[in-house]
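The lines below spell out each chain.
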Amino acid sequence: MREKRLFRIAIADEDKIYTSIISDILNKYQTGRPSLPVSFCIDTYNNSSSFASAAAETRYDLYILDISEEDTWGLDTAEKIRGTDCVSNIIFISRSDKYYKKAYELQAIQYLKKPVRESMLTDCLDRIFKLHKSFVSIKDGKNRVEIPADDIIYCISDGHYKRIVTIDRDYLVRMTMDEVKDILTESFFQKAGSGLIINMKYCREVSPGSILMSNNDKLKIPAGMDKKIGSEINKYLF
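Residues numbered from 1 in each chain as written. Predicted model: local features only at pLDDT ≥ 70, side-chain atom pairs only at ≥ 80, totals over all residues. Heavy atoms only, no water.

### Let's talk about helix H7 (residues 225–233)
Thought 1: If you check which residues of H7 are buried, you get Met225, Asp226, Ile229 and Ile233. With its buried residues spanning 95° around the axis, H7 presents them on a single face. Those residues of H7 that are exposed and aimed more than 90 degrees away from the buried face are Lys227 and Lys228.
Thought 2: Each element contacted by the buried residues of H7 is listed here: strand E11 (189–191), strand E12 (196–199), strand E13 (203–207) and strand E14 (210–213). (Buried < 20%, exposed > 50% of the residue type's maximum accessible area, 1.4 Å probe, protein only. Helix = DSSP H or I, 4+ residues; strand = E, 2+ residues; numbered from the N terminus. Arc of directions from axis to C-beta. Contact = heavy atoms within 4.5 Å.)

### Observations concerning the sheet that holds strand E1 (residues 5–12)
Strand pairing in a sheet takes place through backbone hydrogen bonds and is either antiparallel or parallel in direction.
Thought 1: An order of E2-E1-E3-E4-E5 is seen for the 5 strands of this open sheet, with the pairing classed as parallel. Looking at which strands have only one partner, the edges of the open sheet turn out to be strand E2 (38–45) and strand E5 (110–113). Taking the axes of each pair of neighbouring strands and ignoring which way they run, one obtains an average angle of 20° across the sheet.
Thought 2: Across the face of the sheet, helix H1 (residues 16–31) comes into contact with E1, E2, strand E3 (62–67) and strand E4 (89–94) while running at roughly 175° to E2. (Pairing = 2+ DSSP bridges. Axes fitted to C-alpha atoms, helices over the stretch in contact; angles between N-to-C directions.)

### Notes on the pattern of salt bridges
Think of it this way: side chains of opposite charge can pair up when their charged atoms draw near.
Thought 1: Applying the stated criterion across every chain, the model contains 16 salt bridges.
Thought 2: When the shortest N-O distance is used, the salt bridge between aspartate 13 and lysine 114 registers 2.9 Å. Of this pair, aspartate 13 sits in the loop between E1 and H1 while lysine 114 is found in the loop between E5 and helix H5 (118–129), placing the two residues 101 residues apart along the sequence. With respect to class, aspartate 13 is no different from lysine 114; both count as buried.
Thought 3: The partner of aspartate 170 in a salt bridge is arginine 163, and the shortest N-O contact between them spans 3.7 Å.
Thought 4: Using a relative accessible area of 25% as the deciding quantity, one classes arginine 163 as partly exposed.
Thought 5: Through salt bridges that share partners, Arg5, Arg59, Asp61 and Asp85 make up one connected network. (Salt bridge = Lys/Arg side-chain N within 4 Å of Asp/Glu carboxyl O.)

### Concerning the side chain of lysine 162
Thought 1: On the secondary structure map, lysine 162 appears in strand E9 (residues 161–166).
Thought 2: Glutamate 179 provides the closest opposite charge to the buried, unpaired lysine 162, separated from it by 7.8 Å.
Thought 3: Engagement of the side chain of lysine 162 in a polar contact is seen with the backbone oxygen of methionine 175, the distance being 3.2 Å.
Thought 4: In this structure lysine 162 touches Cys155, Ile156, Ser157, Tyr171, Leu172, Val173, Met175, Thr176, Met177 and Val180, once residues within four positions along its chain are discounted. (Lys, Arg positive; Asp, Glu negative; His and termini not counted. Polar contact = N/O pair within 3.5 Å; in protein donor to acceptor, adjacent residues only side chain to side chain.)

And the structure:
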């Protein structure tokens, strides 16, 4: 059997409960994927001085860093890391929305809001390791086809049918919106009204009454829905 490469991960959060939660998710992820080409080596840090010292001496493949309103040492250390390392992956976790822009500038793979959902951290890891994504099975006319869930931009009611718009083409399916919702189970799919489900990863601009998707389709949304989508969208823009 081919020996697995060591994949070093640093988790830095002053809250010991959170370092434990993240560690558990990482270990569960690794255990559930025996074909993963790496073996995790996880180091946890609960104060800024110990993490800063370690980061200066050790190069990690993945940094999971907390940012708090009171102390941005995770953000500050990430800046130092990026001064010499533009390859390692960085994930920020925070209770605040205010550091999204800075995280983007530091080329973070994701910015997760606390409490961190396991599915969102798992999605980040899937992207890091470029693992096979989930597929959605639909009946297009007389043919049953498998569509990568990541490729679906949105689904909208179209008369008695539902139109599933992907990055390649559109599909018309004779399903109820509830049936569509049951198969679009990934966390990045969100309802945006009774007849619309959007992939938040492809949402580019939200305005009162409408939302602009990455394929330049402008979709109508109910009054007040822009605020709900706007509060969630930054999680998916990395």
